[in-house]
Amino acid sequence: MGAWLDEPLTWGDALAVFLWAVLFLLIVLGFVTYAIYYERKVIGWMQLRVGPNRVGPFGLLQTVADIFKLLIKEDTIPRKADRLLFVIAPALAFIPAFSVLAVIPYTEKLYFADLNVGLLYYVALSGITTLAIVLGGWASNNKYALLGGMRSAAQMISYEVPLVISVTGVILLSGSLNLRDIVAAQDGGWFWNWNLFPQIIGFVVFIIAAVSELNRTPFDLPEAESELVAGYHVEYSGFRFAFFMLAEYVYVYAIAALTTVLFLGGWHAPAPFLDVVPGILWFLLKFAFVVFSLFWIRASFPRVRVDQLMSLGWKVLLPVALLNVFLTALYLELFVK
């Protein structure tokens, strides 16, 4: 990658980058389509329901039908809405969600961008989506949408801090913000060398904060149907509503991939004798497990109250994340140096 950047860019290079981006977008769209189907089936099984089983074999085309329905619905804009902000908010929500995927390494040689500050890039860009949610809620000129947007902003401020601090221990152990270096630092042959075990406190804080950042149950207060009708996207319909949903599930993809990289050893096998299995398969298995866990959490927990949400973030997760950083630094000082 570095050698390629040292040479002058040509139109052929630009076309190649564009085609790779389009191909990756199609892969991500395929993931989103069947992640929604898989989530419906998993929650159905857990709640003793059937789930989608009519449209297509085994219901495999149900999400495709739902997307088609959204795309052909009338695109309405409230008369008193801020038209410009209302229109750009869904796109502003999706663009950062797709952009953060550029720094995710899938194997030692399969990645798009090898940034020295890849983790910082991810954290910085992912916060922009919250601004889009606030914009969409405010521009809708609807009190429920505005409340949803304000809740999202409060959630982001409350949980972005422990989320970032929870991965500080991983950065200290690996000595790098580069995601490929973080995975390389977990290559000890056996699964107990993954950051999941020395950073178990940071892992728990990270998962809780990540679920909150995704605005998913039990932290789905910005779009609480029973309280705010649909929250920040109550006035959206058609493909603009689809963009918000697309951004949410792209972030599911991103968080699952980031968790695999930071805590589950990335593409490394859990034991030396399993190295014969290609690294990409190990990455996909760990990735699928994290995605399943997110769906499992949604099926198992009720929505928390707003006061409980704020108390958990500031009074529990933040002190625990700081304690994890202190313990990691103490370990490095006493046993590594």
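Residues numbered from 1 in each chain as written. Predicted model: local features only at pLDDT ≥ 70, side-chain atom pairs only at ≥ 80, totals over all residues. Heavy atoms only, no water.

## Observations regarding the overall build of the chain
As a reminder of what qualifies: Strands are runs of DSSP state E lasting at least 2 residues, helices are runs of H or I lasting at least 4, and numbering of each runs from the N terminus. Values of the radius of gyration come from C-alpha atoms, whereas the globule rule sets the reference at 2.2 Å times the count of residues to the power 0.38.
Across its full length, the chain carries 14 helices and zero strands. Ordered by position from the N terminus, the helices and strands of the chain form the series α-α-α-α-α-α-α-α-α-α-α-α-α-α. Its C-alpha atoms give the chain a radius of gyration of 21 Å, near enough to 20 Å, the size a compact globule of 337 residues would have. Considered along the principal axes of its C-alpha atoms, the chain spans approximately 65 × 55 × 45 Å.

## A word on the domain arrangement of the chain
To keep it simple, the criterion reads: The split into domains, and so the bounds of each, comes from an automatic or database assignment of domains. Here a residue-residue contact requires only that any non-hydrogen atoms of the pair lie within 4.5 Å. Here the quantity called buried area is the accessible surface, traced with a 1.4 Å probe, that two parts lose on coming together, added over both. Whenever Lys or Arg places a side-chain nitrogen within 4 Å of a carboxyl oxygen from Asp or Glu, that contact is recorded as a salt bridge. Residues adjacent in sequence count toward polar contacts only when both atoms are side-chain atoms; beyond that, a polar contact is any pair of N or O atoms within 3.5 Å, and within protein one must be able to donate a hydrogen and the other to accept it.
As far as domains go, the chain holds domain 1 (1–72) and domain 2 (78–336). Averaged C-alpha coordinates put domain 1 and domain 2 at centres separated by 19 Å. Of the residues lining the interface, 18 residues belong to domain 1; the matching set on domain 2 comes to 22 residues. Carbon and sulfur atoms make up 84% of the area that domain 1 and domain 2 hide from each other, which totals about 1,900 Å². Ranking the residues of domain 1 by area buried against domain 2 places Phe-24, Phe-31 and Glu-39 at the top, with a combined share of 30%. Our count for the contact surface shared by domain 1 and domain 2 stands at two salt bridges. Linking Glu-39 and Arg-298 is a salt bridge whose minimum nitrogen-to-oxygen distance equals 2.8 Å. Our count for the contact surface shared by domain 1 and domain 2 stands at three residue pairs in polar contact (both at pLDDT 80 or more).

## Structural notes on the UniProt feature "transmembrane region" (unreviewed entry) in the chain
Applied cut-off: UniProt positions are given in the numbering used here, feature names are shortened, and annotations may be inferred rather than shown by experiment.
Under the UniProt annotation, the feature "transmembrane region" (unreviewed entry) is placed at residues 14–37, 84–107, 119–140, 161–179, 191–211, 249–267, 279–297 and 309–332. The span residues 249–267 is 79% helical and 0% strand by assignment, and the distance between its end C-alpha atoms comes to 22 Å. Span residues 309–332 is 100% helix and 0% strand, its end C-alpha atoms 33 Å apart.

## Some thoughts on the layout of surface pockets
To find leftover empty space, a probe the size of one water molecule is rolled over the atoms. Stated formally: Using protein atoms alone on a 1 Å grid, points that fit a 1.4 Å probe yet trap it form a cavity, whereas open point sets bounded by protein on both sides within 12 Å along at least five of seven lines form a pocket; residues with an atom within 4 Å of a point count as lining. Grid points are joined across faces, edges and corners, and a volume is the space filled by probe spheres set on the points. Residue type decides the class: Asp, Glu, Lys and Arg count as charged, Ala, Val, Leu, Ile, Met, Phe, Trp, Tyr, Cys and Pro as nonpolar, and the leftover types, Gly among them, as polar.
Looking at the largest pocket, its volume works out to about 980 Å³. Ile-36, Leu-70, Phe-241, Met-245 and Tyr-249 are, among the 30 residues lining the largest pocket, the residues nearest its centre. Of all the secondary-structure elements, those providing two or more residues to the lining of the largest pocket are α2 (11–46), α3 (62–72) and α12 (238–263). Counting residues per element, the lining of the largest pocket draws most heavily on α12, which supplies eight residues. By residue class, the composition of the lining of the largest pocket is 15 nonpolar, five polar and ten charged. Here the lining of the largest pocket gathers at least three residues from each of two domains, domain 1 (1–72) and domain 2 (78–336).

## Looking at the packing of helix α10 (residues 200–213) against helix α14 (residues 306–336)
Cut-off, in case you're wondering: Helix axes are fitted only over the stretch in contact, all axes being lines through C-alpha atoms; the angle between N-to-C directions runs from 0 to 180 degrees. In what follows, roughly perpendicular refers to angles from 65 to 115 degrees, roughly parallel to angles under 35, roughly antiparallel to angles over 145, and oblique to any angle outside these ranges. By definition, any crossing whose near helix is turned counterclockwise from its far helix by less than a right angle is left-handed, and any crossing with a clockwise turn is right-handed.
In contact at an axis separation of 9 Å, α10 and α14 are set at 150 degrees when each is read in the N-to-C sense. Between α10 and α14, the angle is such that the two are roughly antiparallel. Our pair here, α10 against α14, has a crossing hand that is left-handed. When α10 is examined against α14, the residues Ile-201, Gly-202, Val-205, Ile-208, Ala-209 and Ser-212 are found in contact with a partner set consisting of Leu-309, Leu-312, Leu-317, Val-320, Ala-321, Asn-324 and Leu-327. Of the residues that constitute the contact of α10 with α14, the class distribution is ten nonpolar, three polar and no charged.

## Quick word on the side chain of Thr-217
Here is the rule we go by: Whether a residue is buried, partly exposed or exposed follows from its accessible area with a 1.4 Å probe, protein chains only, as a fraction of its type maximum: under 20%, in between, or over 50%, in that order.
By the element assignment, Thr-217 lies in the loop between α10 and α11 (225–228). The exposure class of Thr-217 is buried, given its relative accessible area of 14%.

## Some points on the environment of Ala-16
Looking at the element boundaries, Ala-16 is found in helix α2. C-alpha of Ala-16 to C-alpha of Ala-209: the two residues are 193 residues apart in sequence and 37 Å apart in space.

## Looking at the nonpolar core
Put simply, the rule reads: Throughout this description, the term nonpolar core refers to a set of buried Ala, Val, Leu, Ile, Met, Phe, Trp, Tyr and Cys residues connected via side-chain atoms within 4.5 Å.
Judged by nonpolar contacts, the single largest core of 74 residues is most densely connected at Leu-101, Leu-179 and Leu-262. Here this core gets 16 residues from one element, more than from any other, and that element is α12. With residues near it in sequence (within four places) discarded, Leu-179 still touches Val-103, Ile-104, Pro-105, Gly-118, Leu-119, Leu-258, Val-261 and Leu-262.

## Considerations on empty space enclosed by the protein
For the structure on display, the rule yields four cavities of 30 Å³ or more. Approximately 250 Å³ is the volume attributed to the largest cavity. Lining of the largest cavity is provided by 17 residues; of these, Thr-129, Glu-213, Leu-214, Asn-215 and Tyr-251 occupy positions nearest its centre. Where the lining of the largest cavity is concerned, the elements lending two or more residues are α5 (118–126), α6 (128–139), α7 (143–166) and α12. Considered class by class, the residues forming the lining of the largest cavity number ten nonpolar, four polar and three charged.

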